[in-house]
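# Report on the structure
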Amino acid sequence: MSKARYTAASIGIAIFIGYFSGKQYSSLTTRRVETQDLSSTNKVEFETLKLKPFPKAEVLAAKKLPSLRAADEFVEPFHERHDFKWSPSYSVSAPSFDSKNRPYFRYNDREQTVPVANGFQTLRQNSWTHYPFMAEQLLPFYDRKSAELIMESKQDILWDPKMAVFDKNDRMYTVLRMKTTVFNKDTSYVMMYSDDNGLNWQGLPLVGTKDTACVFRVLGTNDCPLPQLYDLERPHSRAPIQGPPAMLYYLSDGKLPGFEKDYSWLGTVGKLYLQPITRNSKGQLEAEKPVLLSLSAQEIGYRSGSSPKIIRSGNKYFVVWLEANREFKPKMNSAGRAIIPKPDTNNQPYSEIWIAEYDLKTKKVSKKPILKSWPVNDTHNQPGIVRTWNGNLIVVSGGHGSHFMSTYSLKPDSIAQWSTEIPMNTAETGYKSNYSSPQWGGGSQTYISMMIDANDTVHTVYRQWMHDKKIFDFEYFGALVYQNGNFDRKTKTFRWNPARVLVYPNAPEYTHWYQVMTVDRKDNIYVEYSNMRPYPPYQVKDAKGQPSFVSPYLNNALLRSENNGKTWSLVSDDDLKKAQIK
């Protein structure tokens, strides 16, 4: 079957005018900004960072926060910018790095959603420069009735992977996802790419545009479902990817029987597709026909640790995902919701992490289960994959307050044989959540983030439930924990090292971290995160009881380690300028 070929002409950076009746949209042009980096003189190296704790629960309960602005002002002293006098002048988000080790941040004004044209911020001549997209160049991909929606589209940079990705030729890629109806039910995907580090862009329509409306046509029908979720191939080490990033799509089939009334993350099931992207002789991108990997995948979740799920090596792609357990039949509670049992002494019930190997030449897919995860049928259990420099694949299963499991391939670039799966961290932390296995100590882990360095050390961060009266006099809290492991090139074996707390939260009970891990071209490790809670003081309700939340990007932070995770620091402008390769 021939490949779909859709391209847009490269358009230079300029002020753009609205599509309808001279209506003006945000004018975004290339801008250079001179800044004073207040944090450069306050650089502090640390092994563990402790945020300033909120007042006691009764004080918080009595505090009236009438607006989001009031909530913003209240929480500010309990975060990194205020507490550690950290004043970055770049748009804090997950950084990507080109061949000169220049950082690229998705441009934002400390908000979770940004205009479609926002583009990226990077260093040029040691000053921060903003390279936007030309939103008008997207319009030929859509019907006229969708044009205004596209021009006014917002991009969610928290829940979607909106970072830049660089290939071995220093070409730059990113993906836009846009709604095409006012009901926000339809989604479309366009891959943007640049041959000059973000100055000029072209677009490749992938799914849901006027010429790609039926990429996922249901056989024997006229139904053309669109993916609800996606991910893209990203670097798992300091090395750039081989070529244009492949796409991963999830198309929902709803809920498993018995989970219909349950929480959104329980019992999801659907189809998972891999879509390779190539370049033709003219340098333009071409989207290949999507390859079906699974009919029983659970939702893919970018912010469930944001670990890489796709790796390419030569002519092979390796993809990991969470497979739904269709054989598990839940008992129901009085509200008609599924009862999720704890793992028993045999670690039943569980869901499996699967891996697929796709050969670009033969077009064949082979796949198999390699790890267990808990709780059963919980989409939090997102896996991650990295590759050693000799080709061994290392996979970690996610969890939701349970044990992460890990394994590694016994042959380079092959899924044929794997080591015995083992728990990643069994150290006691003073608190053991319900879904941790009774076979081991510790557990209570969620949201795996992982990368690998040039010495085959795997670096991870994740949320760890803990109890320590010296920190909080409460039943539990959620710390951001760092842990690494080493692959021995001589013995071809892997072992995990003890974990330690990287960041203590500003309050006990439930905590979000939303962390993303990346590595630059010099093997420095970065962790972008946002410490939050889904209730006051981050939540404010209006007169009708409808909640609003402080933006996770208002107080997010960026850490870096230059010594393989031994010590860390908040990243200053000066740090990024000095890290560039001359």
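Residues numbered from 1 in each chain as written. Predicted model: local features only at pLDDT ≥ 70, side-chain atom pairs only at ≥ 80, totals over all residues. Heavy atoms only, no water.

### What to know about the overall build of the protein
Note the following rule: The secondary structure listing takes helices from DSSP runs of H or I that are at least 4 residues long and strands from runs of E that are at least 2 residues long, numbered from the N terminus. Note that the radius of gyration is over C-alpha atoms, with the globule rule given as 2.2 Å times the number of residues to the power 0.38. When accessible area is computed with a 1.4 Å probe and restricted to protein chains, residues below 20% of their type maximum are described as buried, those above 50% as exposed, and intermediate ones as partly exposed. Contacts are assigned to residue pairs that have any heavy atoms within 4.5 Å of one another. For the area figures, the Shrake-Rupley method with a 1.4 Å probe applies, and any residue is considered shielded solely by the protein chains shown. When charges are counted, Lys and Arg are positive and Asp and Glu negative, with His and the chain ends excluded. Positions of charges follow a simple convention, taking NZ of Lys, CZ of Arg, CG of Asp or CD of Glu.
Each helix and strand counted, the protein has five helices and 40 strands in total. For 582 residues, the compact-globule estimate of 2.2 N^0.38 gives 25 Å, and the C-alpha radius of gyration of the protein, at 23 Å, lies within 12% of that figure. Considered along the principal axes of its C-alpha atoms, the protein spans approximately 60 × 60 × 55 Å. Counting all 582 residues of the protein, 60% fall into the buried class. A separation of at least 24 residues holds for 63% of the contacts in the protein among residues at least 6 apart in sequence. Accessible surface, the protein as shown: approximately 24,000 Å² in total, 50% of it carbon and sulfur. Side-chain charges in the protein split into 74 positive and 59 negative, and the spacing between the mean points of these groups amounts to 2 Å.

### Regarding the side chain of Ser 153
The line we're drawing: Two N or O atoms count as a polar contact when they lie within 3.5 Å, although within protein this holds only if one can serve as hydrogen donor and the other as acceptor, and sequence-adjacent residues are included solely when both atoms are side-chain atoms.
With respect to the helices and strands, the residue Ser 153 is situated in the loop between helix H4 (144-151) and strand S8 (154-156). Classification of Ser 153 as buried rests on a relative accessible area of 7%. Separated by 3.4 Å, the side chains of Ser 153 and Gln 155 make a polar contact. Among residues more than four places away in sequence, those in contact with Ser 153 are Val 114, Pro 115, Val 116, Arg 177 and Met 178.

### Digging into the sheet that holds strand S26 (residues 393-396)
To keep things clear, this is the line we draw: A pair of strands counts as paired when DSSP detects no fewer than two bridges linking them.
Strand order in the open sheet made by the four strands is S25-S26-S28-S29, with antiparallel pairing throughout. Strands with a single pairing partner mark the edges of an open sheet, and in this sheet they are strand S25 (384-387) and strand S29 (422-423).

### Details of the sheet that holds strand S10 (residues 172-179)
Taken in spatial order, the four strands line up as S9-S10-S11-S12 in an open sheet, and their pairing is antiparallel. At either end of the open sheet lies a strand with only one pairing partner, and these are strand S9 (165-166) and strand S12 (202-207). Sheet topology note: the strand S11 (residues 187-194)/S12 ladder contains five bridges and is antiparallel. Each bridged residue has a counterpart across the sheet, and for Met 192 the counterpart in S12 is Gly 203.

### Topic: the confidence of the model for the protein
Condition: Scored from 0 to 100, pLDDT reflects the predictor's confidence in each residue.
Taken residue by residue, the protein gives an average pLDDT of 90. The fraction at 70 or more is 92%. Considering only residues more than four positions removed or in separate chains, one finds that residues 1-41, a stretch of pLDDT under 50, has 116 contacts.

### A closer look at the pairing of strand S4 (residues 103-106)
Side chains of S4 alternate between two faces, with Pro 103 and Phe 105 and Tyr 104 and Arg 106 buried alike. Examined bridge by bridge, strand S3 (residues 96-97) and S4 share two bridges and lie antiparallel to one another. Considered in S4, the bridge of Ser 96 is made with Tyr 104. Once S3 ends, the chain turns through five residues before running back antiparallel as S4, passing Asn 101 with a positive phi of about 60°. Strand direction decides the pairing type here: S4 and strand S6 (residues 120-124), joined by three bridges, are antiparallel. Opposite Tyr 104, over in S6, you have Thr 122 as the bridge partner.

### Quick notes on the state of the cysteines
Each disulfide consists of one covalent bond between the sulfur atoms belonging to two cysteines. For clarity, the cut-off: The term disulfide is used for any two cysteine sulfur atoms that are within 2.5 Å.
Scanning the model with the defined rule gives one disulfide in all. Disulfide pairing is shown between Cys 214 and Cys 224; the S-S distance is 1.7 Å. Across the S-S bond of Cys 214 and Cys 224 the torsion is about 75°, and the bridge reads as right-handed. With Cys 214 in the loop between S12 and strand S13 (229-232) and Cys 224 in the loop between S12 and S13, this pair connects stretches of sequence that are 10 residues apart.

### What about the packing of aromatic side chains?
Where we set the bar: When the centres of two rings from Phe, Tyr and Trp lie within 6.5 Å, Trp using its six-membered ring, the rings pair. Their planes under 30 degrees apart give stacked, over 60 give edge-to-face, and anything left gives tilted.
If you walk through the whole model with that rule in mind, you get 32 aromatic pairs. Aromatic pair Phe 474 and Tyr 476: ring centres 6.1 Å apart, planes at 50°, arrangement tilted. On the basis of relative accessible area, Phe 474 is assigned to the partly exposed category, the value being 33%. Given a relative accessible area of 17%, Tyr 476 falls into the buried group. Arranged with centres 5.5 Å apart and planes meeting at 70°, the rings of Tyr 482 and Trp 568 form a pair that is edge-to-face.

### Some points on the nonpolar core
Test applied: Grouping buried Ala, Val, Leu, Ile, Met, Phe, Trp, Tyr and Cys residues that are joined through side-chain atoms within 4.5 Å yields what is termed a nonpolar core.
If you look at the biggest cluster of nonpolar residues, it comprises 30 residues, and the most contacted ones within it are Tyr 90, Val 503 and Tyr 529. Listing elements by their share of this core, those giving two or more residues are strand S32 (477-488), strand S34 (500-504), strand S35 (516-519), strand S36 (525-529) and strand S39 (557-561). No other element matches the four residues that S36 contributes to this core. Excluding its chain neighbours within four sequence positions, the residues that come into contact with Tyr 529 are Leu 49, Glu 80, Leu 480, Val 503, Trp 513, Tyr 514, Gln 515, Asn 556, Ala 557 and Leu 559. One finds Met 191, Tyr 193, Tyr 273 and Ile 277 within the second-largest nonpolar core, a separate group that totals 25 residues.

### Brief notes about the environment of Gly 314
Mapped onto the elements, Gly 314 comes out in the loop between strand S19 (310-313) and strand S20 (316-323). The spatial distance from the C-alpha of Gly 314 to the C-alpha of Asp 359 is 9.3 Å, given a sequence separation of 45 residues.

### Describing the pattern of salt bridges
The condition is simple: Any Lys or Arg side-chain nitrogen found within 4 Å of a carboxyl oxygen on Asp or Glu counts as a salt bridge.
Within the structure shown, the criterion is met by 18 salt bridges. Between Asp 195 and Arg 171 there is a salt bridge, with its nearest N and O atoms 3.5 Å apart. On the criterion of sequence distance, the pair formed by Asp 195 in the loop between S11 and S12 and Arg 171 in the loop between S9 and S10 is long-range, its members being 24 residues apart. Residue classification places Arg 171 among the partly exposed positions, given a relative accessible area of 24%. One connected set of salt bridges, linked through shared partners, spans Asp 160, Lys 162 and Arg 177.

### Observations concerning H4
Residues Ser 146, Ala 147, Leu 149, Ile 150 and Met 151 constitute the buried set of H4. On its buried face, H4 is in contact with S10.

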